[in-house]
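# Structural characterization, general
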Amino acid sequence: MSETKRIAVIPGDGIGKEVTPEGVKVLEAACAVSGRKLAFTHFDWGADRFLKDGTTLPPEAPQMLQRDFDAILFGAVGDPRVPSNQHAADILLGLRFKLDLYVNARPCVLFDRRLTPLRDRGEQDVDFIVFRENTEGAYAGVGGNFKQGTPDEVAVQEDVNTRKGVERIIRYALDYARRKGLKRVCMSDKSNAMTYAHGLWQRVWKELREEYKEIETRHLYVDTLVMEMVRDPTQFEVIVTCNMFGDIASDLGAQLSGGLGLAPSGNIHPGKVSLFEPVHGSAPNIAGKNVANPMGSALTGAMMLDYLGLEREAALICDAVCAAVREGKTTPDLGGQMGTREVGAWLSERIVKSGLAGAGA
Ligand code: ATP
C-alpha cells in the first residue's frame, strides 16, 4: 500500500528499556489503524552492552543509521554501574553531533488543567514549542582549566556561536511556524550581556525575520522570557533560542505542561535521519518497577510520525494520551495507579478503537 518507514529503536538504560517498548506498541497501533507500515530494528547500545564488551556507539553506527533508517526512537541512557557516564555521552552526544542534529524540538502542550502548577490556567493556555540550538553554544566543549586545584584556579567555558549554526536554527523555527500556520515566533538571547556571541543572534534574527513578514516576530532577553512563560504562557507559539537557554526554558515548559513523564523531544536535521526521545532520563531510582510513565515515549513516537509526514497517526496517539490523562489512566507520577505496561496497553487499545470509529464515521 504505502512506503514502509524504517525505525531504529535504541531503548538504552533504566526506564528507557521499559517505556520504549510501550512507545513501539503505541506506534504499531496507530499505524495498524491506517495501514501504514513501520519496520522496527532494535539496537542494544547502553550500559549492559558496554559492561559486557566495551561497546558504546559502534564507529560505523552514524553512517549506518543515516543510510538504512528514516528515524530513530530513543529511550534514555545513564546507569549507576557506569559512574563516568562514558557510554551515555558516546551514544547520545555522539549521535547528536555525528548526525548533526541541530534542532532540539520540545513541544509543551497541556492536556489537562490539573497537571499545570499555574493557578487558573487551562488546556488552551499552554501550547507552544521550544526550538533549542543543539550543536554549539556552551555545550561545544571548548574551554579548559588552568592552575586547577589551587587558589588561583581559572575555569573557562567558551560559548561557541557560528553564523551557520545560528542561521539554521532560527530559519527552522520560522519555517516551522509558516508550515504549521502559526503566527508568533519569539527569539530569546542575552545580547545585552553577551554582546559578541548573542550580538550575532540579533543580527541574524533581524535579517531573517524580514523574509517572514506574515509572522509576528518578537525578541525577549532570556530572563524576561522565563518570567513571561510563567506569568502568561498564552503569549507563546514558537520560541527559538541557544543551546543553554533552550535547555532551561524547555524544562520550565515541561513543568508547565505536566512534568517529565509526559514531555517528548526531537533531535532533528531536516531531510536527514533524526532522533526522537522523551525528555526524561533513565531514572535509575524507579527503573525495573513497572511504574515509569510511558506517555513521554508515546508522545515522542507521535512527534516522530508527524516528522515523517504521518500526521493523522500522530494525532491518534496525542488524542489517546489526552484521554488517558483526563480519565486518570496513568502511572503514579500523574496520580494514577496503573503500571507502565498497563498504560501502554490502554493507549494502544484506545488508539485502535478511536481509529476504527474515525474510519467508520
Ligand atoms: P538525566 O541526568 O539523564 O536527565 P536524571 O536522573 O537527572 O537523569 P530523570 O531520570 O529524567 O533525571 O528523572 C528525574 C526524576 O523524575 C526521576 O528520578 C523520577 O523520579 C522522575 N521521572 C522521570 N521520568 C519519569 C517517568 N517517565 N515516569 C515517572 N517518573 C519519572
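This report concerns the structure included in the present document.

The rules behind the values
Residues numbered from 1 in each chain as written. Predicted model: local features only at pLDDT ≥ 70, side-chain atom pairs only at ≥ 80, totals over all residues. Heavy atoms only, no water. Phe/Tyr/Trp six-rings, centres within 6.5 Å; stacked < 30°, edge-to-face > 60°. Helix = DSSP H or I, 4+ residues; strand = E, 2+ residues; numbered from the N terminus. Buried < 20%, exposed > 50% of the residue type's maximum accessible area, 1.4 Å probe, protein only. Axes fitted to C-alpha atoms, helices over the stretch in contact; angles between N-to-C directions. Parallel < 35°, antiparallel > 145°, perpendicular 65-115°, else oblique. Left-handed = near helix turned anticlockwise from the far one by under 90°. Contact = heavy atoms within 4.5 Å. Expected span 1.5 Å × (residues − 1). 1 Å grid on protein atoms, 1.4 Å probe; cavity = no way out; pocket = protein on both sides within 12 Å on 5 of 7 lines; lining within 4 Å. Points joined across faces, edges and corners; volume = space filled by probe spheres on them. Nonpolar A, V, L, I, M, F, W, Y, C, P; charged D, E, K, R; others polar. Domains from an automatic or database assignment.

### Examining the packing of aromatic side chains
Evaluation of the coordinates by the stated rule reveals six aromatic pairs. With a centroid separation of 5.3 Å and 80 degrees between ring planes, the pair formed by F131 and Y172 is classed as edge-to-face. Of this pair, F131 sits in strand β5 (residues 127-133) while Y172 sits in helix α5 (residues 163-180), placing them 41 residues apart in sequence. For F131, a relative accessible area of 0% puts it in the buried group. Between F276 and Y307, the aromatic rings sit 5.5 Å apart at their centres with planes inclined by 50 degrees, giving tilted as the arrangement. Pair noted here: F276 is in strand β12 (residues 274-278) and Y307 is in helix α9 (residues 295-307), with a separation of 31 residues, a long-range link.

### Quick look at the packing of helix α1 (residues 16-34) against α9
Close contact between α1 and α9 brings their axes to 8 Å; oriented N to C, the two are set at 45 degrees. In this view, α1 runs oblique relative to α9, as classed from their interaxial angle. The hand of the α1/α9 crossing is right-handed. Along the contact surface, α1 presents V19, T20, G23, V26, L27, A30 and C31, while α9 presents S297, A298, G301, M304 and L305.

### What to know about α5
Between its first and last C-alpha atoms α5 spans 26 Å; for 18 residues at 1.5 Å apiece the expected length is 26 Å, and the two agree. Immediately beyond the C-terminal end of α5, within one or two residues, lies G181, with a positive phi of roughly 70 degrees.

### A closer look at the layout of surface pockets
Put simply, the largest pocket is a space of about 780 Å³. Every residue lining the largest pocket is counted, 34 residues in all, and those nearest its centre are P107, I129, Y176, M303 and D306. Residue assignment for the lining of the largest pocket shows that the elements contributing at least two residues are β4 (103-109), β5, α5, β11 (264-268), α9 and α10 (311-326). Here the lining of the largest pocket takes five residues from α9, the largest share from any one element. Looking at the lining of the largest pocket, its residues break down into 25 nonpolar, three polar and six charged. Residue-level mapping places the lining of the largest pocket at the junction of two domains, with at least three residues from each of domain 1 (1-102 + 269-361) and domain 2 (106-263). When its volume is computed, the second largest pocket comes out at roughly 440 Å³. The wall of the second largest pocket is formed by 23 residues, among which L92, L93, R96, R132 and E277 lie closest to the centre. Those elements that provide at least two residues to the lining of the second largest pocket are β3 (71-76), α4 (86-98), β4, α8 (243-256) and β12. It is α4 that contributes the most residues to the lining of the second largest pocket, six residues altogether. Composition of the lining of the second largest pocket by domain shows at least three residues from each of domain 1 (1-102 + 269-361) and domain 2 (106-263).

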